[in-house]
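Tertiary structure, described
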Amino acid sequence: MTKLEQLFEYASNQSEFVVDVQKGMTAIPAMAPENGGDGESRKAAYLKQYMQKLGATEIIEINAKDNRVSSGARPNIAAKLPGKSAVTLWVIGHMDVVPVGEKSLWNSNPFELKQDGDIIIGRGVEDNQQAIAASMLAFKTLKDNNVTPDLNYGVLMVADEETHSAYGLEHVLKAAPDLIKKDDLVLIPDIGDSLGQHVEVAEKSCSWLKITVSGKQCHASTPEEGINSLMASSAAVLALDALYKHFPQSDPLYQPATSTFVPSKKEANVENINTVPGQDIFYIDCRILPQIDPKDVFKKVEELVAEAVKPYKATARVETVFADTAPTPTAVNAPVVQRLSRSLKKLRNIEAKPIGIGGQTVAAFLRAVGIPAVGWSTIISNAHTPNEKSSIINTISDSKVIIDMLFD
């Protein structure tokens, strides 16, 4: 049996470890202040202590000040295991989770781990605790077997991914610019598929737009005395479907291949039924292919909305809530893509498929500063849902891929 085969066999027998570390993480509701939480400090302390138990001696804390949380800071933790090379393979997972949503849709306590055979259930078990558990298992496997990998191995656990990363990886790259080097390999298990075939190398630009439609409030029994902003707003929502016609570009690298324009959130207007609303507000989520200028999309939204509300004698204002322009994609022949593809072929006999996505991962921050990064994992794909699930087998399998990537 080769050294790697011994490591793989050891990892295969670590189901109890996966459940234990997931149980501890799930019990700590690490939500951002924007989501009604107190941040990630308790979870970070738990994970730091656990990594020390695994034998991590080189642990770096990169905290971002945040007076909204009781600890006064949002923690980011990096642990490193020396290898034989100057190059480090970093695996990045995020500690924060989203709220549970409608509690009645859960069959168990979201913050108390439930196990059903290979499946564990709880808020955050897939998004993104599976990544953290897999990265920790790879670390444990190497330490317990006293094996030095060919590459250095870095485990980075960041805050604030669910609310745009200002206190997470974005802060880490600014506060510790030498932590992740240009030649390092970066793997982000925060996107994936059931086979582990998809390797995310590119993301679309993202624009969240707020549309405020203004009319004139009046009593619903005398609608002629007012201007119904809800009617005008509804027309505007339907009119925005024309964005697909105005921006029909397609790129097969991305899933889906076209840009997407999705009306989503709507704010409450009047509180009572018998009042015509004088103002109505809704939002649209735009995921835009890199070859399209987001400014052109914004301008077209303004035109379509203005035209749609005109027959109702209403007015409209379009504002940007969030905008992020897609960075240069990770090259499909980048060393991290090649090494991951090699490991997938070797361990699973599958051909890696580079893809682009409409969602956003922290890979964008790395690509923006010239560090190639990929998103990859083997997941059920049920993030943010009630009864969120994760597979113990998938976690162990992903840890083996991480281990294999560390050896030449």
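This part covers the overall build of the chain. Per the secondary structure count, the chain includes 11 helices and 20 strands. Expected size for 408 residues packed as a compact globule is a radius of gyration near 22 Å; at 24 Å, the chain falls within 12% of this value. Here the C-alpha coordinates of the chain stretch approximately 85 × 40 × 40 Å along the principal axes. Residue burial in the chain is summarised as follows: out of 408 residues, 53% are buried.

Moving on, we get to the side chain of N76. As for its position among the elements, N76 is in the loop between β3 (73–74) and β4 (77–81). Within the structure, N76 has its side chain in polar contact with the backbone oxygen of Y167 (distance 3.0 Å). Apart from the residues within four sequence positions on either side, N76 is in contact with I60, E61, I62, N63, M157, V158, A159, Y167, G168, L169, H171 and V172.

A few words on the packing of helix α3 (residues 41–53) against helix α4 (residues 129–144). Taken N-terminus to C-terminus, the directions of α3 and α4 make an angle of 20°; their axes are 11 Å apart at the nearest point. It follows that α3 is roughly parallel to α4 by the angle criterion. Relative to α4, α3 is oriented so that their crossing is right-handed. Contacts between α3 and α4 involve K43, L47, Y50 and M51 on the former and, on the latter, Q129, I132, M136 and F139. Residues belonging to the contact of α3 with α4 are distributed by class as follows: 6 nonpolar, 1 polar and 1 charged.

Here we take up α3. Here α3 spans 18 Å end to end across 13 residues, near enough to the 18 Å set by a 1.5 Å rise per residue. Taken together, the buried positions of α3 are K43, A44, Y46, L47, Y50 and M51. Down the axis of α3, the buried set is contained in an arc of 160°. They therefore lie on one face. Set apart from the buried face of α3 by more than 90 degrees, the exposed residues are R42, Q49 and K53. Residues of α3 that are buried in the fold lie against α2 (15–26), β1 (59–61), β4, α4 and β8 (152–158).

Here we come to the sheet that holds strand β6 (residues 114–116). If you trace the 3 strands from one edge of the open sheet to the other, you get β6-β7-β20, paired in antiparallel fashion. Lying at the two open borders of the sheet, with one neighbouring strand each, are β6 and β20 (389–391). Looking at each pair of strands side by side, their axes are set apart by 25° on average, direction ignored. Bridge count between strand β7 (residues 119–121) and β20: 3 bridges; the pairing is antiparallel. Paired with I119 across the bridge in β20 is S391. Together, β6, β7 and β20 form the strand contacts of helix α11 (residues 392–405), whose direction differs from that of β20 by roughly 50°.

Tallying each qualifying case throughout the model produces 20 salt bridges. Residue R68 pairs with E34 through a salt bridge whose shortest N-O separation is 3.4 Å. Of this pair, R68 sits in the loop between β2 (64–65) and β3 while E34 sits in the loop between α2 and α3; the two residues are 34 residues apart in sequence, bridging distant segments of the chain. Take E34: its relative accessible area is 43%, and that puts it in the partly exposed class. Of the charged contacts in the structure, one is a salt bridge between R68 and D66, with a shortest N-O distance of 2.9 Å. Since its relative accessible area comes to 42%, R68 is described here as partly exposed.

Quick look at the packing of aromatic side chains now. Enumeration according to the criterion identifies 6 aromatic pairs in this entry. Here the aromatic rings of Y46 and Y50 are separated by 5.8 Å at their centres, their planes lie at 80°, and the arrangement is edge-to-face. Of this pair, Y46 and Y50 both sit in helix α3, 4 residues apart, roughly one helical turn. Between F139 and Y153 the ring centres are 6.3 Å apart and the planes differ by 40°, which places this aromatic pair in the tilted class. With F139 in helix α4 and Y153 in strand β8, the pair connects residues that are 14 residues apart, well separated along the chain. For Y153, a relative accessible area of 0% gives the class buried. Members of the aromatic cluster, joined through ring pairs, are F17, Y46 and Y50. One Lys or Arg, K53, reaches over the ring of Y50 and ends 4.5 Å from the middle of that ring.

Analysis parameters
Residues numbered from 1 in each chain as written. Predicted model: local features only at pLDDT ≥ 70, side-chain atom pairs only at ≥ 80, totals over all residues. Heavy atoms only, no water. Helix = DSSP H or I, 4+ residues; strand = E, 2+ residues; numbered from the N terminus. Rg over C-alpha atoms; globule rule 2.2 N^0.38 Å. Buried < 20%, exposed > 50% of the residue type's maximum accessible area, 1.4 Å probe, protein only. Polar contact = N/O pair within 3.5 Å; in protein donor to acceptor, adjacent residues only side chain to side chain. Contact = heavy atoms within 4.5 Å. Axes fitted to C-alpha atoms, helices over the stretch in contact; angles between N-to-C directions. Parallel < 35°, antiparallel > 145°, perpendicular 65-115°, else oblique. Left-handed = near helix turned anticlockwise from the far one by under 90°. Nonpolar A, V, L, I, M, F, W, Y, C, P; charged D, E, K, R; others polar. Expected span 1.5 Å × (residues − 1). Arc of directions from axis to C-beta. Pairing = 2+ DSSP bridges. Salt bridge = Lys/Arg side-chain N within 4 Å of Asp/Glu carboxyl O. Phe/Tyr/Trp six-rings, centres within 6.5 Å; stacked < 30°, edge-to-face > 60°. Lys NZ or Arg CZ within 6 Å of the ring centre and 35° of its normal.

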